[in-house]
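# Observations on the three-dimensional arrangement
Chain by chain, the residues run as shown.
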Amino acid sequence: MKSAPTNQLKARLDAGDTQTGIWLCSASPIIAELAGGAGFDWCLVDWEHGPNDLVSVTAQLQALAVTGTPAVVRVPEGADWLIKQVL
(Lines give C-alpha, C1' and ligand atoms only; values in the text may rest on other atoms or scores of the structure.)
Protein backbone atom coordinates (compact mmCIF):
# COMPACT_ATOMS: atom_id res chain seq x y z
CA MET A 1 0.00 0.00 0.00
CA LYS A 2 1.29 3.42 -0.92
CA SER A 3 1.66 5.90 1.94
CA ALA A 4 0.10 9.35 1.87
CA PRO A 5 2.30 12.10 0.44
CA THR A 6 4.08 14.38 2.87
CA ASN A 7 2.40 17.74 3.38
CA GLN A 8 5.36 19.96 2.51
CA LEU A 9 3.80 23.09 3.99
CA LYS A 10 3.24 21.42 7.37
CA ALA A 11 6.67 19.79 7.30
CA ARG A 12 8.42 23.10 6.62
CA LEU A 13 6.39 24.87 9.31
CA ASP A 14 7.25 22.10 11.79
CA ALA A 15 10.92 22.56 10.86
CA GLY A 16 10.66 26.28 11.67
CA ASP A 17 11.28 27.36 8.08
CA THR A 18 10.00 30.79 7.09
CA GLN A 19 7.12 30.52 4.62
CA THR A 20 5.95 33.22 2.23
CA GLY A 21 2.44 33.07 0.86
CA ILE A 22 -0.36 35.06 -0.67
CA TRP A 23 -4.06 35.44 0.03
CA LEU A 24 -6.34 35.01 -2.98
CA CYS A 25 -9.55 37.04 -2.76
CA SER A 26 -10.55 37.34 -6.42
CA ALA A 27 -12.39 34.02 -6.95
CA SER A 28 -10.39 33.63 -10.18
CA PRO A 29 -8.72 30.31 -11.05
CA ILE A 30 -6.53 32.20 -13.54
CA ILE A 31 -5.14 34.42 -10.78
CA ALA A 32 -4.76 31.36 -8.54
CA GLU A 33 -2.69 29.61 -11.21
CA LEU A 34 -0.54 32.71 -11.72
CA ALA A 35 0.03 33.01 -7.97
CA GLY A 36 0.84 29.31 -7.76
CA GLY A 37 3.49 29.69 -10.41
CA ALA A 38 4.99 32.85 -8.89
CA GLY A 39 7.13 31.03 -6.34
CA PHE A 40 5.09 31.42 -3.16
CA ASP A 41 5.36 28.67 -0.57
CA TRP A 42 1.57 28.58 -0.14
CA CYS A 43 -1.62 30.23 -1.40
CA LEU A 44 -4.69 30.85 0.73
CA VAL A 45 -8.12 30.95 -0.91
CA ASP A 46 -10.23 33.34 1.17
CA TRP A 47 -13.82 32.10 1.18
CA GLU A 48 -14.63 34.21 4.25
CA HIS A 49 -14.04 37.67 2.81
CA GLY A 50 -13.63 36.96 -0.92
CA PRO A 51 -16.47 36.62 -3.45
CA ASN A 52 -16.15 32.84 -3.35
CA ASP A 53 -18.51 29.90 -3.25
CA LEU A 54 -17.78 26.18 -3.32
CA VAL A 55 -17.54 26.14 -7.13
CA SER A 56 -15.01 29.00 -7.32
CA VAL A 57 -12.97 27.59 -4.41
CA THR A 58 -12.83 24.21 -6.17
CA ALA A 59 -11.70 25.84 -9.43
CA GLN A 60 -8.93 27.72 -7.63
CA LEU A 61 -7.77 24.58 -5.82
CA GLN A 62 -7.64 22.74 -9.15
CA ALA A 63 -5.58 25.58 -10.65
CA LEU A 64 -3.18 25.52 -7.70
CA ALA A 65 -2.85 21.72 -7.88
CA VAL A 66 -1.37 22.07 -11.37
CA THR A 67 1.39 24.30 -9.98
CA GLY A 68 2.20 22.11 -6.98
CA THR A 69 1.87 25.05 -4.59
CA PRO A 70 0.22 24.05 -1.30
CA ALA A 71 -3.25 25.52 -0.85
CA VAL A 72 -5.11 26.56 2.29
CA VAL A 73 -8.79 27.54 2.37
CA ARG A 74 -10.22 30.01 4.86
CA VAL A 75 -13.85 28.97 5.28
CA PRO A 76 -16.53 31.55 6.16
CA GLU A 77 -17.28 29.82 9.48
CA GLY A 78 -16.14 26.78 11.40
CA ALA A 79 -19.22 24.72 10.60
CA ASP A 80 -18.53 21.02 10.09
CA TRP A 81 -20.49 20.86 6.83
CA LEU A 82 -18.41 23.69 5.28
CA ILE A 83 -15.12 22.14 6.31
CA LYS A 84 -16.22 18.75 4.96
CA GLN A 85 -17.08 20.31 1.59
CA VAL A 86 -13.62 21.85 1.30
CA LEU A 87 -11.93 18.61 2.31
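A few points on the structure. Predicted model only: the values in this text are computed from it and were never measured. (Residues numbered from 1 in each chain as written. Predicted model: local features only at pLDDT ≥ 70, side-chain atom pairs only at ≥ 80, totals over all residues. Heavy atoms only, no water.)

## A word on the nonpolar core
For soluble globular proteins, nonpolar side chains are generally found buried alongside one another. Put simply, the rule reads: To form a nonpolar core, buried Ala, Val, Leu, Ile, Met, Phe, Trp, Tyr and Cys residues must be joined to one another through side-chain atoms within 4.5 Å. Relative accessibility thresholds used throughout: buried, under 20% of the residue-type maximum; exposed, over 50%; partly exposed, between the two (1.4 Å probe, protein chains only). Secondary structure elements are taken from DSSP: a helix is a run of H or I of four residues or more, a strand is a run of E of two residues or more, and numbering for both begins at the N terminus. In this analysis, two residues are considered to be in contact whenever any of their non-hydrogen atoms come within 4.5 Å of each other.
Judged by nonpolar contacts, the single largest core of 13 residues is most densely connected at Leu24, Val45, Trp47, Leu64 and Val73. When residues of this core are assigned to their parent elements, the largest contribution, 3 residues, is made by helix H3 (residues 54-67). Here Val73 is in contact with Val45, Trp47, Val57, Leu61 and Val86, once residues within four sequence places are set aside.

## Some points on the side chain of Ser56
Locating Ser56 in the fold gives a position in helix H3. Residue class for Ser56 comes out buried when judged on its relative accessible area of 11%.

## Thoughts on the environment of Gln85
Position of Gln85 relative to the elements: it lies in helix H4 (residues 80-86). Overall, the relative accessible area of 40% leaves Gln85 in the partly exposed class. Along the sequence, Gln85 and Val45 sit 40 residues apart, while their C-alpha atoms lie 14 Å from each other. If we ignore the near neighbours within four places in the chain, the residues touching Gln85 are Trp47 and Leu54.

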